[in-house]
Amino acid sequence: MRDTTTGVATISVPFATGENATAPLTWAQSVMWGPMQWFGKEANQFNIGRSLVLPAPVAPARLHATLRALVEAHQTLRTRYVERGDQPQQQVAAAGAYDVVVVDDHGDPARVGDELVADLTATAFDHEAEWPLRVGCARDRTDRISAVALVGSHLAFDGWAFNTLTALLLARLADPPAPPAPPAPATGSGAQPLAQAAHQQSAAGRQQSRLGLRHWEQGLSTAPASMFDLPRAATGDQPIERHLLDSTAVTAAATALAARTRTSFSTVLLCLTTLVLTAYNGHRTAVFKLIAGNRLDRDSRDLIALNTLDALLVHPVDGDVDLLTAIRQLHRPAFEAYRRAPCDPAGVRTVVDEVGRRRGLTFDLSAYFNNGHRGSDWATVDPDPGPDRLAELRRDSRYSRLEPLSKSDMRFYVAASNQGDGRCRLGLLVDTAFFPGGLGETVIRGIETLLCAAVTGVVRVAEIADRIGLTPARRGPDWVSTPAGWVRPQAVAELVGEVAGTTAFAEPAADGAITAYVSGPGSPAELHRRVLDALAGRPGLVAPTGYVICGSTPPPGAGPDAWRALPVLARGSGRDG
C-alpha cells in the first residue's frame, strides 16, 4: 500500500514455479561466503547496484509480470543462502514474493533512481531472510513506472550476471518488447546454480578441481609468503584507501601495447600492476590472486549467478628487460592461471595451508587484480596514438577518491572496467599500513604514465619506480632476503622466544636460511610446530630453517658467538623427514 505522507509504497510480487531444492554452494559462492561472513554489516560494500531509466514509462502490471517471469526463470533470484551444521547451503524456493519499493519520481527519474539505488545498497544482505536482489522503482504522475532500481548481493551476482539480468529486464520492458524468451531452463540445466553445483561434485568436476589444485601447489612452492613483508606505518581507523582514474589514455595505450605484443588488454594491465607493486616492495617474484570469471561455454554465459573464482599467478620479475618484453613474458602464465581457476575452494585452502607448513610460512595472498570488462574488445578513441595524442587524452583523465574503509581482506587491489565511451576506469584499493601518504595516487597515475610512455618509447622494468616518482619501500639493514621473501631475523628470534617462553637468537646465512638458537626443553620438531601455529597474520615472518636447542641461555646482551658456544641438546629443521 502507498504511504501517502512520504510518497513511498511497497508492492508484493508473488512467484511460483518448480520445487523447493537444496544443494551445496557452488565453488564461486563458497569463495564469496567467507568474506561476506568476515565483513558482517560492512559487507554492503560488495552490493552491486544500477538504476535503469526506461525509454518510455510502463504500466506497473507490466513491470510486475516481467519481474515475476525473471524470478521464475532463474534460480538465483529465488535462492537463500543458509548455514546448516557449519556447512553453507543454497536453498531454492518454489514459491514466494518480492517486495518492490515504489517512490514518486518528482519529474526526475534519473536522480530518484540513483537515490533509490543508494538507499537499497546501504545495508548488507541478510542472506537467510532476504532474496539476493532488491528491487525498487520510480513512478510518474500517471502512476506509470519511469525508472527501476536493482541492487544485488555479490554472493549471488558477479558483474557479468548482473549486467545480463539488467539487459533482460530492459529488453522485456522495451516498446515494443523483445521477442519472448525460450522456456526457462529446467532445474537440471547447466545454466542454473543447482546444476553447476552438481557438476562440481561429479567425477568430471573433481578431476577439473584436481588440475586446478595442482596449479596452486606448484605456484605456491616458489611464491613469496607475502607481497607486504614491509615495515608497517601507523594508520587511523579508516586505513583502506580507494582511488579511481577514468582515462581514455589508458584504453588507447593498453590497446596499442596489446596489439604490438600480440597479447591482450588484460595482460597489459596485469603486467603493469605486478611490476609497479614489485618495484615498490623490492620483490623478484610476484604473487597475485586474479579474479577469474571464466564463461567459456553457453551454459556459463547464460548463467545468472556468481561465477568468479580466485586464480593464482606466481611470476618472476625480470628487471633486465623492457616493458613490452615483460608483457609477452607474462601472457602465458596469466592464461594458465585463469585456465586453472575452477577448483574447490576448500581444496585451495588445504593446499595453501599444507604448502605453507611444508615451507615454514603462512601465506598472505592479499594482492589482487580484476579485469572486470565483459569481453575482450575495448573501443578506443585512437588505436595507434602518438605522443601528442596521448598527452591530449591524458589531460581529460579524471582522478577521484572514494570514502575510505575500516577494513578489507585485500591489501592491494587493481581493477579495470570499461565505461563504454572509450574510457577505462582503473580502481585501486590500498592498505595505508603498507602504502602510506600519497602512494595510492602515485600508483594509479603511474600505471597510466607507464602505459603511455611504453607506446612512444622504451621503458625498462628497472626504471619503473623512477619513471613514476615512486619511492620504494625502505627496509632497514636488519632485513634479509630469503626464498620466502623479506624477513627480519630479530623478529624471527622474538617469535621463537615467544612460543618457547624464553629468549632466542636468529642467525641468517648468505643463502637466506635462518637458524634459531633457543634454550629449554623440547625438540626441534615440537618447537617448529608451535612456531608454525603462531605465524598466521604476521607478514614478514617465517619459521627458521633450522633450530639449535641449547642447554642454557647466555647473559643478556650477549652476541652471536656466545650463543654458538653454548652446549647443544638438539638440532634440526623440525620438518618431517
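Preceding this paragraph is the structure being described.
Conventions used here
- Residues numbered from 1 in each chain as written.
- Predicted model: local features only at pLDDT ≥ 70, side-chain atom pairs only at ≥ 80, totals over all residues.
- Heavy atoms only, no water.
- Helix = DSSP H or I, 4+ residues; strand = E, 2+ residues; numbered from the N terminus.
- Buried < 20%, exposed > 50% of the residue type's maximum accessible area, 1.4 Å probe, protein only.
- Lys, Arg positive; Asp, Glu negative; His and termini not counted.
- Salt bridge = Lys/Arg side-chain N within 4 Å of Asp/Glu carboxyl O.
- Contact = heavy atoms within 4.5 Å.
- Axes fitted to C-alpha atoms, helices over the stretch in contact; angles between N-to-C directions.
- Parallel < 35°, antiparallel > 145°, perpendicular 65-115°, else oblique.
- Nonpolar A, V, L, I, M, F, W, Y, C, P; charged D, E, K, R; others polar.
- Phe/Tyr/Trp six-rings, centres within 6.5 Å; stacked < 30°, edge-to-face > 60°.
- Pairing = 2+ DSSP bridges.
- Expected span 1.5 Å × (residues − 1).
- Bend = angle between axes of the 7 residues up to and from the residue.
- Core = buried A, V, L, I, M, F, W, Y, C linked by side-chain atoms within 4.5 Å.
- Polar contact = N/O pair within 3.5 Å; in protein donor to acceptor, adjacent residues only side chain to side chain.

### Notes on the side chain of D140
Thought 1: As for its position among the elements, D140 is in the loop between β8 (133-139) and β9 (145-152).
Thought 2: There is no salt bridge for the buried D140, and the closest opposite charge comes from R144, which lies 5.3 Å off by N-O distance.
Thought 3: If we ignore the near neighbours within four places in the chain, the residues touching D140 are P57, D105 and S146.

### Here's the deal with the packing of helix α8 (residues 265-281) against helix α10 (residues 323-339)
Thought 1: With their axes 8 Å apart at the nearest point, α8 and α10 run at an angle of 105° to one another. Overall, the two elements α8 and α10 adopt an arrangement that is roughly perpendicular. Across the interface between the two elements, S266, T267, V268, L270, C271, L272 and L275 from α8 touch L323, A326, I327, L330, H331, A334 and Y338 from α10.
Thought 2: Taken together, the residues of the contact of α8 with α10 break down into 11 nonpolar, three polar and no charged.

### Overview of the packing of aromatic side chains
Thought 1: For the structure shown, the criterion picks out 13 aromatic pairs.
Thought 2: Ring plane angle 65° and centroid distance 5.4 Å describe the contact between F15 and W131, whose orientation is recorded as edge-to-face. Of this pair, F15 sits in strand β2 (residues 8-16) while W131 sits in the loop between α3 (109-121) and β8, and the two are 116 residues apart along the sequence. Residue F15 shares its accessibility class with W131, and that shared class is buried.

### Some words on the sheet that holds strand β21 (residues 546-550)
Thought 1: The four strands lie next to each other as β19-β20-β21-β22, forming an open sheet whose pairing is mixed. Each having just a single partner strand, β19 (504-508) and β22 (568-572) make up the two edges of the open sheet. Taken pair by pair, the neighbouring strands of this sheet meet at an average axis angle of 15°, ignoring direction.
Thought 2: The strands touched by helix α15 (residues 489-500) are β19 and β20 (514-519); relative to β19, the strand with the most contacts, the crossing angle is about 145°.

### Regarding unusual backbone geometry
Thought 1: A positive phi angle is found at H106, which is not glycine, with a value near 50°.
Thought 2: As for its position among the elements, H106 is in the loop between β7 (95-104) and α3.
Thought 3: Taking the relative accessible area as the measure of exposure, H106 reaches 63% and is therefore exposed.
Thought 4: The phi angle at R262 is positive, at roughly 55°, despite the residue not being glycine.

### Regarding α10
Within an α-helix, residues lying three or four positions from one another point in the same direction, as the helix has 3.6 residues per turn.
Thought 1: When the terminal C-alpha atoms of α10 are compared, their 24 Å separation across 17 residues agrees well with the 24 Å that a helix rising 1.5 Å per residue should span.
Thought 2: Maximum bend of α10: about 30°, positioned at H331, with proline P333 one to four residues after it.
Thought 3: Among the residues of α10, those classed as buried are L323, L324, A326, I327, L330, A334, E336, A337 and Y338.

### Observations regarding the nonpolar core
Thought 1: Y98, F157, L220, L269, F288, F412 and L451 are the most contacted members of the largest nonpolar core, which totals 153 residues.
Thought 2: What L220 contacts, discounting residues up to four positions off in sequence, is L312, V351, V352, V355, R359, F363 and L365.
Thought 3: Counting 10 residues, the second largest nonpolar core, distinct from the first, contains L116, L120, A138 and A147.

### A closer look at the pattern of salt bridges
Thought 1: A full pass over the atoms with the stated rule returns 27 salt bridges.
Thought 2: In this structure, the salt-bridge partner of K289 is D310, at a minimum N-O distance of 3.7 Å. Of this pair, K289 sits in strand β11 (residues 285-292) while D310 sits in strand β12 (residues 309-316); the two residues are 21 residues apart in sequence, bridging distant segments of the chain. The burial state of K289 is the same as that of D310; both residues are buried.
Thought 3: Between R389 and E392 there is a salt bridge, and its shortest N-O distance comes to 3.2 Å.

### Structural notes on the sheet that holds strand β6 (residues 87-92)
Thought 1: Here three strands make up an open sheet; going across it, the order is β3-β6-β5 and the pairing antiparallel. One side of each edge strand has no neighbouring strand; the edge strands of this open sheet are β3 (21-24) and β5 (79-84). The sheet shows a mean angle of 30° between the axes of neighbouring strands, direction not considered.
Thought 2: Two elements, β3 and β6, share four bridges in a ladder whose sense is antiparallel. Bridge assignment links A23 to a residue of β6, and that residue is Q90.
Thought 3: Against the sheet, helix α1 (residues 27-39) touches β5 and β6, its axis set at about 65° to β5.

### Description of the side chain of D364
Thought 1: Structurally, D364 is set in the loop between α11 (345-359) and β13 (367-371).
Thought 2: Taking the relative accessible area as the measure of exposure, D364 reaches 13% and is therefore buried.
Thought 3: One polar contact links D364 to S226, side chain to side chain, over a distance of 2.7 Å.
Thought 4: Of note is the side chain of D364, whose polar atom sits 2.7 Å from the side chain of S366.

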